[in-house]
Amino acid sequence: MFRFVLINPPQLYLLAQLASFIVPPIGIAYIASYARSKSHEVEIIDAFGEGMNNFIDSDDIKLKGLSFEEIIKKIPLLIS
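Keep in mind the model is a prediction, meaning the values are calculated, not measured.

Novice: What's the story with the environment of Ile56 in this structure? I'm lost.
Specialist: If you trace the backbone, Ile56 turns up in strand β4 (residues 55-57). Ile56 sits in the partly exposed class, given a relative accessible area of 34%. On a C-alpha basis, the gap between Ile56 and Leu66 in space is 8.8 Å, while along the polypeptide they are 10 residues apart. Once you skip the residues sitting within four places of it in the chain, Ile56 turns out to touch Ile61, Lys62, Leu63, Gly65 and Ser67.

Shown next as structure tokens:
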């Protein structure tokens, strides 16, 4: 049996795209469901869904979701 974490990363946007639609991480959910059916322990970090109001600015782009540092901090808590 394995233990692992699947991560839906923050979304990358151009400044003109900030009003685009939200898509749930169905693919990751399918992978987690299959792995769990084979007795593996799976945790999911939905960095976009958990940080939808967080924006990280760069020159012409925005990153929407949890920062990479926030994601990294969550991983040891989930697999310990």
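Picking up after the structure, the text goes on.
Novice: Would you mind going over helix α1 (residues 26-37) with me for this structure?
Specialist: Each full turn of the α-helix corresponds to 3.6 residues, which orients residues three or four apart in the same direction. With 12 residues, α1 should reach 16 Å at 1.5 Å per residue; the first-to-last C-alpha distance of 16 Å fits that figure. Listed in full, the buried residues belonging to α1 are Ile28, Ala32 and Ala35. What you see down the axis of α1 is that its buried residues fit within an arc of 65 degrees, all on one side. Facing away from the buried side of α1 by more than 90 degrees, the exposed set consists of Tyr30, Tyr34 and Ser37. Just past α1, the residue Ser39 takes up positive phi, approximately 70 degrees.

Each value, and the rule that gives it
Residues numbered from 1 in each chain as written. Predicted model: local features only at pLDDT ≥ 70, side-chain atom pairs only at ≥ 80, totals over all residues. Heavy atoms only, no water. Helix = DSSP H or I, 4+ residues; strand = E, 2+ residues; numbered from the N terminus. Buried < 20%, exposed > 50% of the residue type's maximum accessible area, 1.4 Å probe, protein only. Contact = heavy atoms within 4.5 Å. Expected span 1.5 Å × (residues − 1). Arc of directions from axis to C-beta.

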